[in-house]
Each structure stands twice: as C-alpha cells, then as structure tokens.
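For reference, the chains in residue letters:
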Amino acid sequence: MGRHRRPVGPAQGPTLQARRRLTAALAGASALLATGLTLTVDPAAPPAPDRTPTGIRAPQAAP
C-alpha cells in the first residue's frame, strides 16, 4: 500500500470558499465601478475635427 500524502494544492474547505467569494465580490465591484466611471466621466478632449466620431460611418461616394 502506498503512503498517504498531503494535498499539494491550496487548502480545501472554508478557506477555498472564502477565496472564491472574495474573488467574485471584487470582480463584481470592479465591473460596477468601471460602468459608473464610463457613464459619469467625460473625455478630456473633444474628437478631432478631421475624423468622424466612433460608430458613425462617413458617407461613401457612389461608384
């Protein structure tokens, strides 16, 4: 019979569950913060006058 060895990976049980919950909470908080910043912060500079704004295509000439 072989010897029993201690698991090499991280601790099982409550510690692992706490780590997973903390990771999920931090990921959710960062996503909410990024969304809030995107909605509230204005860009520092206006778009360049020689470029079309993002998402709007320039009219194309007929062939």
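Since the model is a prediction, treat every value here as computed from it, not as a measurement.

Student: Tell me about the overall build of the protein chain, residues and numbers included.
Tutor: Looking only at helices and strands, the protein chain features 1 helix and 0 strands. For the protein chain, buried positions account for 2% of its 63 residues.

Student: So, a nonpolar patch on the surface: which residues are in play, and what are the values?
Tutor: The grouping of Leu33, Leu37 and Val41 at the surface amounts to a nonpolar patch, some 290 Å² of accessible area in total. Along the chain, Leu37 falls in helix H1 (residues 14-40). In this structure Leu37 comes out as partly exposed when scored by relative accessible area, which is 46%.

Parameters and conventions
- Residues numbered from 1 in each chain as written.
- Predicted model: local features only at pLDDT ≥ 70, side-chain atom pairs only at ≥ 80, totals over all residues.
- Heavy atoms only, no water.
- Helix = DSSP H or I, 4+ residues; strand = E, 2+ residues; numbered from the N terminus.
- Buried < 20%, exposed > 50% of the residue type's maximum accessible area, 1.4 Å probe, protein only.
- Patch = residues over 30% accessible without salt bridge, like charges linked within 9 Å, V, L, I, M, F, W, Y side chains within 5 Å.
- Areas by Shrake-Rupley, 256 points an atom, 1.4 Å probe, with all protein chains shown as cover.
- Salt bridge = Lys/Arg side-chain N within 4 Å of Asp/Glu carboxyl O.

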